[in-house]
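Geometric and topological summary
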Amino acid sequence: MTLAIAALREQLAASAGSVFRLTAEELGIPAAETLFHDHLDGATLTLSACEPFPSELAVVGELRLRHLAMAVTVLVSFLADDNEEFVAGIRIDAELPDWTVPPEHLDIDPAVLRTFGFTALHLLLDATPAADGAVLPRVGLGASRSFPGAGADDEALAYVTGFDPPYEDSAWCLSGEFEPVPLRGLDDLASLIPGLEPGRFSLPPEFGSGQLAIGGLSVTFAPGDGGRPGRLLSAWIRVELDATWSVFPGYFEISDPAAEFAVTLAPGGFAVQALISGFFTVAEQVELSAEVVLPQCRVIAQLVDPVPLTPVLERWFPGAGLPADALSVRDLRFETTAGDGAPAFGMDLALAGTWRPVEPVVTTDLALSLLIGGPTGWQGSLEAIWELGDGKVLLRAAYEGGNWTFGGIASHLTARELFAAFDAEPPSLLEDLELLSLTVGFDGNGRRFELGGALAFPMGTADAVLTLDTQLNRRESGSGYDRSITGVLDITLPDSEADAEEAYARRTLTGEQDPGPRVLRFAVDYQEDGSGATVTGTWSAQPGIGLTDLASALGVELPDLPEILRPELTALTLRYHSGSGRLLLTAVTEHTGWVFATAAGQPGMAVAARVALDARASQLPLVGEAIPAGSDLVLDALTFTSAPSGWTPERAAALNSELDQADPNEPQRLPRFATGTAAVPGMAVQVGLTVAGERLDPLVLPLTTGGSGTVVTGAAPPPARTAASPDGGAVRELGLVFGPVRLGRIRLGSAQGRIFVALDAELTVGPVRLILLGLGLGIDGELRVAPVLRGAGVELNKPPLRLGGLLERRTGSDVAPGITEQYNGLVALETGFFALTAAGSYAKAEAGWSSMFLFGEISGGDKGLFGPPQFRVIAISLGFGVNSTVRPPSIAEVGEFPLVQRLAGTETGTTPEEVLERLAGPGGWVTPREGQYWGAGGVEASWSSCGPVRCCWSRAARPGRCC
């Protein structure tokens, strides 16, 4: 237990003129024990020639310090605890002779203090409580100096103290407040800083005639080290002023002023800054401690003691509507700066108490800010807390036009808890989606409230925030509210790498700040029904947004698309339904329509692009003129779709149903997704069809993306060999007849990076039938449309004359590997007395060699060609091939071998096109082969004794061998 205050006073009183002795054990302070042991002779506080001051708990006497040869004069002060019962601390202040500090006590070179004019040096031994209550042993210095008093014979002393800083390289600071020391003038202060010229210290003219005195001083210095002299770093000086000052005449008068000068080290010397401190009254009974920074005359003031709010409101904020009797000012900060015109004052008040601005809001922790003067006269703002259950709302209010307008942000509250305070239901989306923030807004009349919520909106990977504002208007009856909901959706577009580099270069070269990422703001319509909430948003702006930027914001990686499919979008429409969780983002340009779609619980995003076409069968050569305008076959759109994994026909049908609602009119502007068996994951291309104005199911062809990201078609069969698809895939039976024109199948296919829409067309004029193979349209990588024709044939059936012919060109997947293009032809002629049939092919290889074959047959019919009646030659056939080979038939295939069977096929009912396909098509009997040659021939004869006999031969050879 520490020494009792009563016992200490008895010891002090008994030591007058004699000895005062105290051990560390008697004192009972461990930190003092350390000080006694390290610094006092005999580790005991022993003073002789004592002059005690029992009431002040102090004593002056002579003390022997270790490492000093003689006793020194000391002042010992004791500190009492808060209850004035026990000693809480001790300080020993010893005056050192000859400016000598034994290094065992304190390792410092204090010589620099002499250059400041200090004449006496003291050693401080301290064991008093710090701000946190801890008592630690400390060792420090004290120094005193005099200032010449005006007209005084004796010199008063300014005394400053400080303790060893905690870090070795830290500066020392000695400071103190003392009985004012008179000054003759401000130039006396210049003697404190060696080399500081007179005239650097100045005050406003109002203080020119009053008595000046220094009452506080602080110096910061770096002690000498290793032979280097110490140096002054800064000084603070407080000068008492015997005057009053009307810093703003007619507004405020500062009483008990004091000048405070800050002297700091600056390049080329020292800088001096002055301020005036004192007190002034802003309203009755409201006194502030003020500082005036010179020369700007900037006033900063703080409340001394809590005061009622009423006088402040009556003086500066009349008619504010605040309940002054229920509130008090617990803190007030005042600030203003003098200018050329009338001054403007700013006051920040922390208020204690509660305020109920409107029902059901109850506020606490009010912070009121006032701006008085200036062009608007005065204005006010307010911050307050509205506690609501376990959460709260931080409210901010502005006073304009005689009324308060409030806005606030809620924390630790759900939407239902906030709306329940107003007996209202929140919009369902505020509970369905992730809630980012809740806001409140109302005015002082309590008739209208705005409750808002910011939601994380499901837009793929885009940073999208939906804000819904619910307006509650109190009914005239006083109970309940009428509700309306509005909203906005903000989608933030991330900067591309190029944008980021450009912004960095702009900041570096010009110093301009980066304007930040672009934000698309949608105006939102919000509706609720029994199935959920529907959000419909629209956005439009100039300049628009590039498609690739939009896709990047949504997390969609687009392939390398043609220019027409990379437009600048100047308008977007959004539709989200909480019941299905489906989100549609659509855009329409002059030529294209776009859809981005997601659904809750389903992976990925579905994307579709529609390009408007106006390609018509009536525009095709040869057959177009025969098609009436009202019955035309029209290709009205080309659509590219990308479906995510897990895509099903049901998902496609549900999405199309919502697109029908968003795009109900004809002609359609938005794309649709393939349904049925064609609704599979991945990319696909569709061609939209109408016949006589009636829409047919589109043709659908799967697509994939190449390694470069360029859209190419997948491994689909070529148009001419694609089987019919009853579910509306890549082939469709049309069966359209327009007078002499018949349109059979329509096919969607691809080859060599182009998309083809081909028609099997026939034109009949009298006995002549013109067959057009693959007549249609080819669409290239830039979506340019051009007519295409794969081949043509002619038939004439006018007995006894029959004529048939066919010529076709094949490329791409329609030819054998290594072959660039191939031409196949067939001709058949029959009269009443003979028939001629010939077939041939020419092919060109990638390696530069060419292949060809010819095969023909002439027949004399029943009468034969020549010979006696007993032996008649009926038909002769002959053929050859260069860089070509013939697949030998098996025994079972001999009957089907085209070099034996009649080429015209009239006996089997096959068409010339089918004969050519079997003969020279992929997998046919005759194929190009470098270095192979063949020849073939045959004779059909008739013996009267044994009937018809057929004989044929063929020979194939390699280079250098005889056939």
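Bear in mind that the values here come from a model prediction, so they are computed numbers and not experimental data. Every chain's residues receive numbers from 1 upward, in the order its sequence appears when written. Per-residue local features of the predicted model are confined to residues with pLDDT of at least 70, and side-chain atom pairs are confined, for both listing and counting, to 80 or more; whole-chain, interface and lining totals are unaffected and use all residues. The basis for every side-chain value is the complete set of non-hydrogen atoms in the structure, without hydrogens or water.

**Some points on the overall build of the chain**
Working definition: helices are DSSP H or I runs of at least four residues, strands are E runs of at least two. Numbering for both runs from the N terminus. Along the chain, the regular secondary structure elements total 11 helices and 50 strands. Each residue is placed in one exposure class: buried if its accessible area under a 1.4 Å probe, protein chains only, is under 20% of its type's maximum, exposed if it is over 50%, and partly exposed if it falls in between. Burial analysis of the chain (963 residues in total) assigns 45% to the buried set. We call two residues in contact whenever any of their non-hydrogen atoms come within 4.5 Å of each other. A separation of at least 24 residues holds for 52% of the contacts in the chain among residues at least 6 apart in sequence. What sets the accessible areas is the Shrake-Rupley method with a 1.4 Å probe; for residues, cover comes only from the shown protein chains. Here the chain has roughly 46300 Å² of accessible surface; of this, 53% comes from carbon and sulfur atoms.

**So, a nonpolar patch on the surface**
Two joining distances apply to patches: 9 Å for like charges and 5 Å for nonpolar side chains (Val, Leu, Ile, Met, Phe, Trp, Tyr), and every residue must have over 30% relative accessible area and no salt bridge. A pair is scored as a salt bridge if a Lys or Arg side-chain nitrogen falls within 4 Å of a carboxyl oxygen belonging to Asp or Glu. A cluster of nonpolar residues, L807, Y823, Y842, M852, L854, F880, V882 and Y933, forms a patch on the protein surface that exposes about 670 Å² of accessible area. Of all the secondary-structure elements, those providing two or more residues to the nonpolar patch are β47 (850-859) and β48 (871-886). By the element assignment, M852 lies in strand β47.

**Observations regarding the nonpolar core**
Within soluble globular proteins, side chains that are nonpolar tend to cluster in buried spots. Put simply, buried Ala, Val, Leu, Ile, Met, Phe, Trp, Tyr and Cys residues joined by side-chain atoms within 4.5 Å make one nonpolar core. Ranked by internal contacts, the top residues of the largest apolar core, which has 224 residues, are L45, F78 and F334. Apart from residues lying up to four places away in sequence, F334 is in contact with F252, F280, V282, L288, V299, I300, A301, F345, G346 and M347. I771, L773, A920 and W925 belong to the second largest nonpolar core, which has 16 residues in total.

**Thoughts on the side chain of N824**
Here N824 lies in strand β45 (residues 819-830). Side-chain polar atoms of N824 contact the side chain of Q822, separated by 3.3 Å. Side-chain polar atoms of N824 contact the side chain of S841, separated by 2.7 Å. If we skip the residues at most four places from it in the chain, N824 touches L806, L807, E808, R810, G840, S841, L916 and A920. Pairs of N or O atoms are called polar contacts if they sit within 3.5 Å, as long as, within protein, a hydrogen donor faces a hydrogen acceptor (for residues adjacent in sequence, only side-chain-to-side-chain pairs).

**Considering the pairing of strand β6 (residues 118-127)**
Burial runs high along β6: nine of the 10 residues are buried. Here strand β5 (residues 87-96) pairs with β6 via seven bridges, running antiparallel. Bridge pairing links A94 to L123 in β6. Strand pairing requires that DSSP identify at least two bridges connecting the strands.

**As for the confidence of the model for the chain**
How sure the predictor is of each residue is captured by pLDDT, a score from 0 to 100. In the predicted model, the chain carries a mean pLDDT of 83, and 88% of its residues have values of at least 70. Residue range residues 150-154 is modelled with pLDDT below 50. Its contacts to residues more than four positions away, or to other chains, number two contacts. Ignoring residues within four places in sequence, the model shows residues 903-907, a span with pLDDT below 50, making 14 contacts including any to other chains.

**Some thoughts on the environment of W934**
Among the secondary structure elements, W934 is positioned in strand β49 (residues 926-943). Between the C-alpha atom of W934 and that of V886, which follows or precedes it by 48 residues, the distance is 7.5 Å. Reaching out from W934, the side chain makes a polar contact with the side chain of S884 at a distance of 3.1 Å.

**Brief notes about the packing of aromatic side chains**
Pairing of aromatic side chains here covers Phe, Tyr and the six-membered ring of Trp, requires ring centres within 6.5 Å, and sorts the geometry by plane angle: under 30 degrees stacked, over 60 edge-to-face, intermediate tilted. For the coordinates displayed, the defined rule picks out 22 aromatic pairs. Aromatic side chains F422 and F449 sit 4.9 Å apart centroid to centroid with 55 degrees between the ring planes, which places their arrangement in the tilted category. Placement of the pair is F422 in the loop between α6 (415-420) and α7 (429-432) and F449 in strand β25 (residues 448-456), with a sequence separation of 27 residues. Each member of the pair, F422 as well as F449, carries the same accessibility label: buried.

**Some thoughts on helix α9 (residues 547-554)**
What sets the pattern is the α-helix's 3.6 residues per turn: residues three or four places apart point alike. Three or more residues of α9 are buried, namely L547, L550, A551, A553 and L554. The buried residues of α9 all sit within an arc of 160 degrees when viewed along its axis, so they share a single face. Of the surrounding elements, those touching the buried residues of α9 are β27 (481-492), β29 (532-546), β30 (568-577), β31 (582-588) and β32 (592-598). Directions from the helix axis toward the C-beta atoms define the arc.

**Section: the environment of P698**
In this fold, P698 is placed in strand β36 (residues 694-705). Classification of P698 as partly exposed rests on a relative accessible area of 24%.

**Some words on the pairing of strand β16 (residues 298-303)**
Bridge analysis of strand β15 (residues 286-294) against β16 gives six bridges, and the strand direction is antiparallel. Counterpart to S289 in the pairing with β16 is Q302. Hairpin remark: β15 followed by β16, antiparallel, with three residues in the connecting loop; positive phi at C297, about 60 degrees. Sheet topology places β16 next to strand β18 (residues 327-337); five bridges connect them, and they run antiparallel. Looking at β18, one finds that A301 is bridged to F334.

**What to know about the side chain of E808**
Here E808 lies in strand β44 (residues 801-811). On the accessibility criterion, E808 (3% relative accessible area) is buried. At 2.8 Å, the side chain of E808 and the side chain of R810 are in polar contact. Apart from residues no more than four positions distant in its own chain, E808 is found in contact with L773, R790, G791, Q822, Y823 and N824.

**Re the pattern of salt bridges**
This model, assessed by the stated rule, comprises 31 salt bridges. Between D188 and R184 there is a salt bridge, with the nearest N and O atoms lying 3.5 Å from each other. The network of salt bridges with shared partners includes R91, D126 and R138.

**Structural notes on unusual backbone geometry**
Leaving glycine out, the prevailing phi sign among residues is negative, and the prevailing peptide bond configuration is trans. Note the cis peptide between E359 and P360, where omega equals 5 degrees. By the secondary structure assignment, P360 is in the loop between β19 (345-353) and β20 (363-372). Here E666 and P667 are connected by a cis peptide whose omega angle stands at 0 degrees. The backbone phi angle of D98 is positive, close to 60 degrees, even though this residue is not glycine. Mapping D98 onto the fold places it in the loop between β5 and α4 (112-115). The class for D98 is exposed, based on a relative accessible area of 67%. In this model, H412 sits at a positive phi of 55 degrees, which is unusual for a non-glycine residue. Of note, H412 is situated in the loop between β23 (403-411) and α6. The exposed category is assigned to H412, whose relative accessible area is 69%.

**A word on helix α3 (residues 30-39)**
Residues of α3 that are buried include every one of A31, A32, L35, F36 and H39, and no others. Looking down the long axis of α3, one finds its buried residues gathered within 140 degrees of arc, a one-sided arrangement. Looking at the buried side of α3, the elements it contacts are β1 (20-23), α2 (24-27), β2 (44-53), β5, β6 and β7 (138-147).

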